[in-house]
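# A closer look at the structure
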Amino acid sequence: MWASLRKQLWQWRGVFIAAPSVAGVVIGLWWAGWLQELELAALDQFFRWRPAEAMDSRIVIVEINEQDIQKLGNWPLSDQRLAQLLTILKQQQPRAIGLDLYRDLPVEPGYQELVKVFQSTPNLIGIRKVAGDAEGTAVNPPPILDKLNQIGANDLVVDSDGKVRRGLLSLGTPSGEIIPSFSTMLALTYLEAEGITLEEVDAEGNQYQLGKAVFTRLNQHDGGYVRTDAGGFQIVSNFRNLRQGFQSISITEVLEGKIPKDWGRDRVILIGITGESVADNFFTPYSRGLLGRSPGVEIHADVVSQMVSAALEGRPLIRVWSELWEILWIVVWTVVGATLTWGQRYRGGVTARSPFKVVSLSFVGGGLVGGCYWAFLNGWWIPVVPPILGLTGSAIAIMGYLAYNAGQMRRIFGRYVNDAVVANLLETPQGLRLGGENRQVTILFSDLRGFSAISERVSPETGVTVINHYLEVMTDVIDQYQGVITEIMGDGILVIFGAPIGREDDCQRAIACGIAMQLAMADVNQYNETLNLPALEMGIGIHGGEVLAGNIGSQKRAKYTVLGSPVNLASRIESYTVGGQVFISQDLFKQVDSILRVDGQFPVHPKGFAEPITVYEVGGIGGTFNLLLPKPEADFVVLQQKIPIQYIVLKGKHLEEIVCQGEIVKLSTHGAEIRTQQSLELFSNLKINLVTGTKKAKGLRDIYAKVVEELVDSPTHFGIRFTGIPPEIAALLSYLRQFPSD
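Our subject in this report is the structure included herewith. (Residues numbered from 1 in each chain as written. Predicted model: local features only at pLDDT ≥ 70, side-chain atom pairs only at ≥ 80, totals over all residues. Heavy atoms only, no water.)

Turning our attention to the sheet that holds strand β10 (residues 213-216). If you trace the three strands from one edge of the open sheet to the other, you get β8-β9-β10, paired in antiparallel fashion. Where the open sheet ends on each side, the last strands, each with one partner, are β8 (198-200) and β10. Strand-to-strand twist in this sheet, taken as the mean axis angle between neighbours without regard to direction, amounts to 30 degrees. Pairing of strand β9 (residues 207-210) with β10, which is carried by four bridges, proceeds in the antiparallel orientation. (Pairing = 2+ DSSP bridges. Helix = DSSP H or I, 4+ residues; strand = E, 2+ residues; numbered from the N terminus. Axes fitted to C-alpha atoms, helices over the stretch in contact; angles between N-to-C directions.)

Dropping the structure here:
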């Protein structure tokens with residue numbers, strides 16, 4: 001069971017890592033308040049998306065606009081004019097009249113007349129400013145209405161971005177007195193005729209019931225708010241009429257007797273300023289930028305409409321979840337994003353931006369937004385920004401993790417396949433398809449001389465260390481010249497230039513790479529010297545032509561390689577080399593001859609090819625590369641005492657059965673001149689043993705050599721180049737070179 005659980009944990013490791021991490025970050029951002037502005041903006045968008053409701057005809061406004069102020073001639077409105085206005089409105093028999101004008105001081109003439117109107121109007125509600133403005137100044141209520149308890153606070157709650165999104169049912173004064181809001185007083189006055197009163201639901205005063213509605217006090221962390229000032233009894237306003245406005249009439253029309261009959265009967269009439277010069281305008285969720293501000297009197301009217309609609313018709317109020325549910329909400333969507341992305345991690349490849357992934361994430365994200373919007377239409381404010389961040393953040397985290405893994409895979413894969421091949425496989429639509437295409441390429445074959453002899457003398461671990469260092473050095477050189485290693489065959493390397501990416505200078509780079517590889521053998525042999533091992537040499541053959549390049553193999557196993565006769569010919573050309581040489585074909589020479597240093601040329605007839613070709617030994621390349629190989633010194637000495645040998649000609653990887661006799665007559669550091677009665681083919685490979693009398697010398701191992709010269713003036717004499725020589729024999733021959741003939 002534990003093993004099965006561990007397997008499941010490993011299979012879904014990305015989800016278990018990404019989801020908690022991203023959820024923790026998002027919750028931290030949310031708790032720090034950095035997401036509040038975005039969440040409030042999302043709430044505003046929901047308000048703007050919501051279909052408009054029918055105008056609430058129970059609320060009407062007497063507005064004082066700029067034209068009214070101009071006609072009245074002075075401002076503020078005199079007590080006499082205000083008394084006249086209220087008298088006219090009383091005749092309409094409204095249920096409540098809201099005076100959204102400060103009247104703490106007399107504005108003569110007509111103060112006594114206004115006092116009488118105040119005293120005779122029990123459904124008139126005045127205002128006071130409790131919390132004070134930016135300077136800390138509150139505004140007192142009209143004294144008469146204050147004595148009659150017909151006062152409400154007209155304070156509005158403004159969020160940090162300057163918008164009004166919350167309404168007040170009541171708030172406390174600095175002295176501790178609880179004052180109902182202006183809107184609450186008007187709504188309660190209106191509902192009194194319906195027999196509806198405000199009732200306390202819990203002893204702590206956090207919930208009140210009004211008809212069909214239950215009002216719950218907003219806390220500082222509710223909805224999208226974080227540590228907001230939740231003083232007083234606040235609610236999130238579920239605006240109803242701000243978009244379409246209310247039925248309104250100007251004060252001038254009322255004073256001039258142009259008010260329609262029964263216009264205000266059984267309604268709530270609010271009197272307030274809408275003129276821009278008085279600056280009683282506020283931003284709301286319906287505002288866009290600096291446009292669309294609403295007068296304060298309309299905001300109060302909308303809150304009255306919300307309360308009346310909720311009490312009589314059960315219109316939803318904006319409700320919120322507890323903090324715990326909101327945290328769980330964020331975590332759930334973070335897990336959804338991580339699970340969805342992790343579950344589809346192989347669709348389209350680990351590094352691909354799969355259309356399915358994008359569509360599925362967009363679909364789920366759209367479902368999240370749609371679900372939150374549907375909840376909003378039903379009176380719930382469910383956070384949308386934190387879960388969206390959790391959803392996308394966890395998806396991005398998973399994709400980042402997968403991209404990191406893909407990078408690691410690519411780095412490891414790059415040990416076996418060149419970066420250009422990796423890119424072709426992983427980042428092109430056809431990269432993983434089996435098959436190939438005809439490409440003009442240049443092929444480089446390299447092979448070590450003497451490694452087999454070394455590997456027989458050392459432990460497997462040391463042999464692996466030597467070959468790994470050699471391959472590391474050569475790989476760095478090949479990468480420098482943008483070659484593509486398609487095959488490592490023991491100590492042999494197959495490199496192509498021109499596929500999967502072709503460049504104009506593929507031929508030049510291939511030859512320059514071969515010369516640079518030969519120069520890099522100094523580093524290889526310096527390392528071998530630290531291991532007390534003899535020096536190694538390498539032969540390189542290069543040819544160019546049209547090949548089939550691509551993914552060759554089966555659906556279960558394939559590799560990127562090249563096929564064709566040019567590959568075979570490059571291999572044949574390499575087989576003619578001895579240590580330290582770079583041979584190129586005649587076709588390649590014709591393309592690059594102007595910048596080459598050629599140290600020799602000779603005809604060969606490769607096995608499997610109908611016609612002989614000319615092979616060129618390249619000792620350097622100019623142009624932008626400027627690479628030169630040191631020329632070998634001619635250090636042959638004629639031996640005073642000839643060294644008898646016996647040898648066998650190698651045919652491919654096999655030995656001929658005939659053992660031939662001969663002798664070494666001249667000796668150099670890297671080769672010799674032998675005399676034999678048997679005819680030897682140029683470039684044939686020999687296995688040579690030193691002999692005493694007619695028997696092989698005991699304790700001395702085999703020498704491997706290649707025939708590199710057939711002396712014209714002496715048909716029985718041949719020049720050979722050692723390709724593998726044991727250290728003890730090398731030491732012996734070096735000693736014998738000290739005794740040349742006179």
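Evaluation of the coordinates by the stated rule reveals 24 salt bridges. Close ionic contact of Asp447 with Arg449 constitutes a salt bridge, the shortest N to O distance being 3.5 Å. Residue classification places Asp447 among the partly exposed residues on the basis of a relative accessible area of 23%. The partner of Asp506 in a salt bridge is Arg509, with the nearest N and O atoms 2.1 Å apart. Linking Asp506 with Arg509, this pair stays in helix α17 (residues 506-530), spanning three residues, or about one helical turn. (Salt bridge = Lys/Arg side-chain N within 4 Å of Asp/Glu carboxyl O. Buried < 20%, exposed > 50% of the residue type's maximum accessible area, 1.4 Å probe, protein only.)

The terminal C-alpha atoms of helix α2 (residues 13-32) lie 29 Å apart, and with 20 residues this matches the ideal 28 Å at 1.5 Å per residue to within 8%. Among the residues making up α2, those that are buried are Arg13, Gly14, Val15, Ala18, Ala19, Val22, Ala23, Val26, Ile27 and Trp30. (Expected span 1.5 Å × (residues − 1).)

It is worth spelling out the sheet that holds strand β2 (residues 96-99) at this point. What the six strands build is an open sheet, ordered β4-β3-β2-β13-β1-β12; its pairing is parallel. Because the sheet does not close on itself, it has two edges, and the strands there are β4 (151-153) and β12 (247-250). Neighbour-to-neighbour, the strand axes of the sheet open up by a mean angle of 25 degrees, direction not taken into account. As defined by bridge partners, strand β1 (residues 59-64) adjoins β12 across four bridges and the pair is classed as parallel. The residue of β12 that forms the bridge with Ile61 is Ser248.

Glancing now at empty space enclosed by the protein. Applying the stated criterion across every chain, the model contains three cavities of 30 Å³ or more. The computed volume of the largest cavity comes to approximately 90 Å³. Around the largest cavity, the lining is made up of 16 residues, and of these Asp155, Leu156, Leu168, Ser183 and His300 lie nearest the centre. Broken down by secondary-structure element, the contributors of at least two residues to the lining of the largest cavity are β6 (164-172), α8 (182-192) and α10 (296-313). If one sorts the elements of the lining of the largest cavity by residue count, β6 sits on top with four residues. Residues belonging to the lining of the largest cavity are distributed by class as follows: eight nonpolar, six polar and two charged. (1 Å grid on protein atoms, 1.4 Å probe; cavity = no way out; pocket = protein on both sides within 12 Å on 5 of 7 lines; lining within 4 Å. Points joined across faces, edges and corners; volume = space filled by probe spheres on them. Nonpolar A, V, L, I, M, F, W, Y, C, P; charged D, E, K, R; others polar.)

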